[in-house]
Each structure stands twice: as structure tokens, then as C-alpha cells.
Amino acid sequence: MMSSFLKSRGRTALRGVILVIALCASLEASAAKADLDYERLRNSLAQLRADPALGELAPAEISLAEQALAVLAEQGGKGRDHDHLVYIAERRIDIATAAAQAVEQERKLQRLDREHDQILIAASRRDAEQARLELEKQRIQSLAQAEESDRLRVEADEARAQNEQSSQQADTARKQAAQARKLADAQALEAELARKEAQLLEASGAAPTKGAKPTAPAAITLGDNAFAPGLAVLRPAAQALIARIAAAAGSELKLRIEAHADDGGSVKANLALSEQRAQAVRGALVAAGVAGKRISTAGLGAKGAHAREVKVSFAAH
Amino acid sequence: MTVLRRNNLFVLIFFCVSQFTGCAETKPPLGLLDDAGHRVSAARSDGAQTYAPLELRGAEERLGFARTAMKAQEYEDATRYAAEAGIAADLAQARARLGKARERVAARSRENAQLKVDLSVEPDVQQGGGQ
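Residues numbered from 1 in each chain as written. Chains lettered and ligands numbered in written order. Predicted model: local features only at pLDDT ≥ 70, side-chain atom pairs only at ≥ 80, totals over all residues.

Asks: Can you explain the overall build of chain A? Please cite residues and give values.
Replies: Secondary structure summary: chain A contains 6 helices and 4 strands in total. Among the 317 residues that make up chain A, the fraction classed as buried is 23%. Relative to all contacts within chain A whose residues are 6 or more apart in sequence, the contacts with residues 24 or more apart total 74%. (Helix = DSSP H or I, 4+ residues; strand = E, 2+ residues; numbered from the N terminus. Buried ≥ 20, exposed ≤ 12 C-beta atoms within 10 Å, placed from the backbone. Contact = placed C-beta atoms within 7 Å.)

The following block contains the structure:
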């Protein structure tokens, strides 16, 4: 009796326990289904994962968030445990989002760094191009200056050549003037000689008739001053008479030169000296233009104490 | 009677086991607390005070709760608060890094824009700036 009673109570208790367990399981299942926090976090994580910009930038952090969400889904918990798991999962998702955004910012920063470098490179290229253009400009200017210098140098050379030509012309003019002066002097000398000749003729009593053609004198004598004592070299002062003799001889008259010497030496020496003096006068006349074949010479020896004269006589053919 | 004795024995064994496992689960979470403290310090060092003050304050608050619970020998609460303080510190640190990155991007964008104006240059590159 007692045994059947206990068995009956045991079955009843077992049924109760089973009923309670089934009830609890049913409540937990309905609680999990109705966990709005879990749904919110799951949607949030799915949204992050599906984001085209951020979804693949923080895989490790997203994985940790998924694990936290899985723990929340499995263990759920009640009260403080649930809140704790939600807190952890929510921050895991926030961390994943922040990490992905940080990676995105780092990539933007890298692009900006590249852009910064490109700006500097572009500026550098532009500066280099400007420098090249400036260099080209300087080169062209230098070339123009060189051409201008060449042109000025050519002009200077031409001017110098013109100056030299002018100088030569001036020299030529000076020479021509000198020649003209010499000619004038010669003409003056000729006039003077003619005047002296006229005086001599007048002194000899054979004054030329006015308007008649002048005739050659019979003889012209070179005085003692023609030669130095003991020498047979004509003095410069005798050149005028030589020229006069040559002029008087013209181109037809023959000349005879008779020279004398001082009586200071021997007869032979005096003859030789007189002969040398005659030859000196002959040489001077030949130099003055008288043909040598028309001249005859004679050394006559001593004539007196100071008789160094040379007499030149003119004769027709 | 035999059944009752047997039930008492089971109850005794269950009590001992539950006491033993309970003591194991609620031992002082010293390592967890230290770790949370280090993570909060790291977040502060990374500039969370400037860039994520709310998150840093939440982490410090949770760390304080954990220490208080630790003193009160409420180890389960201390464990829970320490874990929350650590994860909040991690969030503060992540947002601080994000804030710094955004500042660098903004600064570089301004610098590039000014550089373009100063050098009168328009490089042939894609624009990388912007928030």
C-alpha cells in the first residue's frame, strides 16, 4: 500500500519536473526569438559587412564582433548577463566600424600624400621648363649680342681702313706737295742760273739781244772752290755749276774738260791729280745727263799756287 | 527510509560539487583587472581624452566599478565590469586613432590646396582628399 503510494507520488513529481523543464525551454526559446538587442546588433554588423567602402577594411575586428554576437545568440543570458553580452557585442561592432573607417582614412591620406608629391613634381617640372625657356632666351640674347659685336667690329674695321686710306692719301698729297715744292725750287734755281748766265754774258760784253735765243757760252770754269786742296772730289757747291754746264751742253755740244792742280806736289802727281779732277767733273756731267762720248778730258798738271780750277769748253760737232 | 537516505546523500554530494565549482568561478579576477587597466592607459596615451572622451570616461567608470566590486569581493561583478572596461577602452582607442587619421587627412587636404595655390599647379592626379 505504502509502496504504491510512493510510486504514485514519484510519477506525479516526475511529470511536474518534466512540465517545468518544458515550460522553461519554451520560455527561453521565445525569449531568444524576441531578443531585440540581438536583432539590432546583427543588423548593424550585417550593414557594416555589406558596406562597399568599409566592409572589407577590418576583417579581424569584424570577426571578433561576429564571435561576440554568436556568444550573445548562444548564451543569451538574463538580466545583467544579457546586458553584459550586449554591451560587449555592441562595442565589438563599434570597434570594427571605427577600425574600418580608420583604414579608409589612412588610404585617403596615402592618396593625398601621392597628390602632394605630384604637386611638387609638377611644380618642379614647371620650374625646370621655365628655367629652360629662360636659358634659351639668354642664349638668343647672347647670340644677338655676339652678332651685334661682330657687326660693330666690321664697322670699326671698315672705319679704320678708311682712316688708313685717308692717311695714305694725305701722305700722297704731302709727297706731291713736296715734289711740287722741289720742282718750284728747281725752277727757281734754273731761273737764278739763267740770270747769272745773263750777267756773265753781259760782263763779257756779249749781251744777248733781247728776244734772241740764248746761245751756249764758250767755256765755263769751275773755280778753286770746286775741289779741296790735294783732293779730286767735287764739293757740293760745285753741283750747281755742273747742272748749268749740263744745261748749256744740251744734247748736241761736245765738251772738253781741262783740269789743273796746285803746284804743291811733283809734276807727275800734279798731272795725276789734275787728271782725276777732270774725271770727277766728267762723272758728274754724265750723272747730270750728258753723254759720256761727248766729253773729253785732260789733266794739265799744276798751273799756279792756288790754281785748282777746271775749265769746261763747249764745241760744236 | 533507504530512499530518503540515498536522496540526502545525493543532495550532500551536489552541494559539495556546487560549492567547489562556485569557488572556482568566482576567484578574484586580478589578471583581468590589470589587463583592463593597461588598455585604458593605452587608450589615454593614444589621445582618447581628446578624440573619444565619452568612450574613455565609460571605460574608466567601468574600471572603477570593477575595482569597487573587487574590494567588496564580488568577483563575478568585478569580472564583468573589468571585461566591459577593457572593451570600452579598446573602442576609445580605436576612435582616437580614427580621429587622428581624420585630422591628418584634413590637414593634408588643406596643405595640398594651399600648395596648388602657392605653386599655381594643377597636377594630373585623382583627388584623394575629402572627408
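Asks: If you had to explain the interface of chain A and chain B to someone new, which residues and values would you point to?
Replies: Taken together, the contacts link 26 residues of chain A with 27 residues of chain B. For the side of chain A that touches chain B, the class distribution of residues is 11 nonpolar, 5 polar and 10 charged. (Nonpolar A, V, L, I, M, F, W, Y, C, P; charged D, E, K, R; others polar.)

Asks: An account of the pairing of strand 1 (residues 219-222) of chain A is requested, with residue identities and associated values reported.
Replies: Residues and elements named next belong to chain A. Only one face of strand 1 is covered, namely the one carrying Ile220 and Leu222; the face carrying Ala219 and Thr221 has none of its residues buried. Sheet analysis places strand 1 next to strand 4 (residues 310-315), joined by 4 bridges and oriented antiparallel. Among the inter-strand pairings, Thr221 is bridged to a residue of strand 4, identified as Lys311. (Pairing = 2+ DSSP bridges.)

Asks: Can you lay out helix 5 (residues 239-249) of chain A for me, pointing to particular residues and giving the numbers?
Replies: Residue and element names in this part refer to chain A. Where helix 5 is concerned, the buried positions are Leu241, Ile242, Arg244, Ile245 and Ala249. The buried side chains of helix 5 occupy one side of the element, clustering within an arc of 160° when seen end-on. On the buried face of helix 5, the contacting elements are helix 4 (80-203), strand 1, strand 2 (254-262), helix 6 (267-287) and strand 4. Backbone geometry just after helix 5 places Gly250 at a positive phi near 55°. (Arc of directions from axis to C-beta.)

Asks: An account of the packing of helix 3 (residues 59-75) of chain A against helix 4 of chain A is requested, with residue identities and associated values reported.
Replies: Residues and elements named next belong to chain A. Running from amino to carboxyl end, helix 3 crosses helix 4 at an angle of 165°, the nearest separation of the two axes being 8 Å. In terms of axis orientation, helix 3 runs roughly antiparallel to helix 4. Taken as a pair, helix 3 and helix 4 cross one another with a handedness that is left-handed. Residue-level contacts link Glu61, Ile62, Leu64, Ala65, Ala68, Leu69, Val71, Leu72 and Gln75 of helix 3 to Leu85, Val86, Ile88, Ala89, Arg92, Ile93, Ile95, Ala96 and Ala99 of helix 4. By residue class, the composition of the contact of helix 3 with helix 4 is 15 nonpolar, 1 polar and 2 charged. (Axes fitted to C-alpha atoms, helices over the stretch in contact; angles between N-to-C directions. Parallel < 35°, antiparallel > 145°, perpendicular 65-115°, else oblique. Left-handed = near helix turned anticlockwise from the far one by under 90°.)

Asks: For helix 5 (residues 75-119) of chain B, give the residues involved together with the corresponding values.
Replies: For helix 5 of chain B, spanning 45 residues, the distance from its first C-alpha to its last is 65 Å, which sits close to the expected 66 Å at 1.5 Å a residue. B:Ser120 sits one or two residues past helix 5 of chain B and shows a positive phi near 55°. (Expected span 1.5 Å × (residues − 1).)

Asks: Give a description of the sheet that holds strand 2 of chain A that names residues and reports values.
Replies: Residue and element names in this part refer to chain A. Taken together, 4 strands build an open sheet; the order of strands is 1-4-2-3 and the sheet is mixed. Edge strands, defined here as strands with exactly one partner in the open sheet, are strand 1 and strand 3 (295-304). Neighbour to neighbour, the strand axes of the sheet diverge by 20° on average, direction disregarded. Relative to strand 3, strand 2 is paired through 7 bridges, and the arrangement is parallel. Residue pairing across strands places Arg256 opposite Ser296, the latter belonging to strand 3. Strand contacts of helix 5: strand 1, strand 2 and strand 4, with the helix running at about 165° to strand 1, the strand carrying the most contacts. Packing of helix 6 onto the sheet brings it into contact with strand 1, strand 2, strand 3 and strand 4, and relative to strand 3 it is tilted by some 140°.

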